[in-house]
Every structure is written in structure tokens, then in C-alpha cells.
Amino acid sequence: MRAEYDFSKSRKNPYVKQLKRPVTIRLDVSAVEYFRDLAAELGMPYQNLINLFLRDCAARKSRPTFAWTAPEGKRPAPRRA
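What counts as what
Residues numbered from 1 in each chain as written. Predicted model: local features only at pLDDT ≥ 70, side-chain atom pairs only at ≥ 80, totals over all residues. Heavy atoms only, no water. Helix = DSSP H or I, 4+ residues; strand = E, 2+ residues; numbered from the N terminus. Buried < 20%, exposed > 50% of the residue type's maximum accessible area, 1.4 Å probe, protein only. Areas by Shrake-Rupley, 256 points an atom, 1.4 Å probe, with all protein chains shown as cover. Lys, Arg positive; Asp, Glu negative; His and termini not counted. Charge placed at Lys NZ, Arg CZ, Asp CG, Glu CD. Axes fitted to C-alpha atoms, helices over the stretch in contact; angles between N-to-C directions. Parallel < 35°, antiparallel > 145°, perpendicular 65-115°, else oblique. Contact = heavy atoms within 4.5 Å. Nonpolar A, V, L, I, M, F, W, Y, C, P; charged D, E, K, R; others polar. Patch = residues over 30% accessible without salt bridge, like charges linked within 9 Å, V, L, I, M, F, W, Y side chains within 5 Å. Salt bridge = Lys/Arg side-chain N within 4 Å of Asp/Glu carboxyl O. Expected span 1.5 Å × (residues − 1). Arc of directions from axis to C-beta.

Attention now goes to the overall build of the protein. Along the protein, the regular secondary structure elements total two helices and zero strands. Over its C-alpha atoms, taken along the principal directions, the protein stretches across nearly 75 × 40 × 25 Å. Looking at the protein as a whole, 7% of its 81 residues are labelled buried. With the model as given, the accessible surface of the protein reaches about 9200 Å², and the carbon-plus-sulfur share is 54%. With 17 positive and 8 negative side-chain charges, the protein shows a separation of 12 Å between the mean positions of the two kinds.

Structure below.
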């Protein structure tokens, strides 16, 4: 190993925009189990599989659809503007 290295001709990392950001996210146990099982079948880490799935959703600009229903005997809360 050299005592000193010359970095004068170096360049910035071209992949810096593709780096991952660590986040804390709370997921249902069933969702994590689903992705863990699927990732085990595919032979990859489940966190990478979740990232690929979310990236695909973002690239396609897909939006989830929800059909909320009020529990029996309760009225939905009024919407605030």
C-alpha cells in the first residue's frame, strides 16, 4: 500500500443518486411474511424485493384503491376541509 495516493484526477461517484436511504417503516406482520416467503422463493433479501416492488409502483405511477367501510352502527367521521 502506498503512503500517499493522488486523487487530483478523480471524479465524483456517478451512482450517488442511486444510493439507498434508510427509513423506518411500520408494516403489518402479514405483509412482511408475504414478502419474506416470496423473497425466499426467489433467492433474494426481502427488503430488496419490497424496494423493487415499490420502485415499480412509483415508475408506473400506480395508486392504490381503497374502499373504506364504516363499522356497523357507526357513522363515518365528517370530512374536514
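Here the focus is the packing of helix α1 (residues 29-42) against helix α2 (residues 46-59). Closest axis-to-axis distance for the α1/α2 pair is 8 Å, and the angle between their directions is 105 degrees. Considering their axes alone, α1 and α2 lie roughly perpendicular with respect to each other. Of α2, the residues touching α1 (which contributes Val32, Phe35, Arg36, Leu38, Ala39 and Leu42) are Tyr46, Leu49, Ile50 and Phe53. Split by residue class, the contact of α1 with α2 holds nine nonpolar, no polar and one charged.

Our focus in this paragraph is unusual backbone geometry. Its identity as a non-glycine residue notwithstanding, Lys61 has a phi of 55 degrees, on the positive side. By the secondary structure assignment, Lys61 is in the segment after α2.

Next up on the list: a nonpolar patch on the surface. A cluster of nonpolar side chains, contributed by Met1, Tyr5 and Phe7, occupies part of the molecular surface with about 480 Å² of accessible area. The residue Phe7 is located in the segment before α1 in this model.

Counted according to the given criterion, the structure contains one salt bridge. One salt bridge in this structure joins Asp56 and Arg60, with 2.9 Å as the shortest N-O distance. By relative accessible area, Asp56 is classed as partly exposed at 35%.

The subject of this paragraph is α1. Helical geometry: 3.6 residues make up each α-helical turn, so side chains three or four residues apart lie on a common side. Here α1 contains 14 residues, and its C-alpha end-to-end distance of 20 Å stays within 8% of the 20 Å for a straight helix at 1.5 Å per residue. Taken together, the buried positions of α1 are Val32, Phe35 and Ala39. End-on, the buried residues of α1 take up no more than an arc of 70 degrees, which puts them together on one face. Among the exposed residues of α1, those oriented more than 90 degrees off its buried face are Val29, Ser30, Tyr34, Asp37, Ala40 and Glu41. The inward-facing, buried residues of α1 contact α2. The first or second residue beyond α1 is Gly43, which carries a positive phi of 75 degrees.

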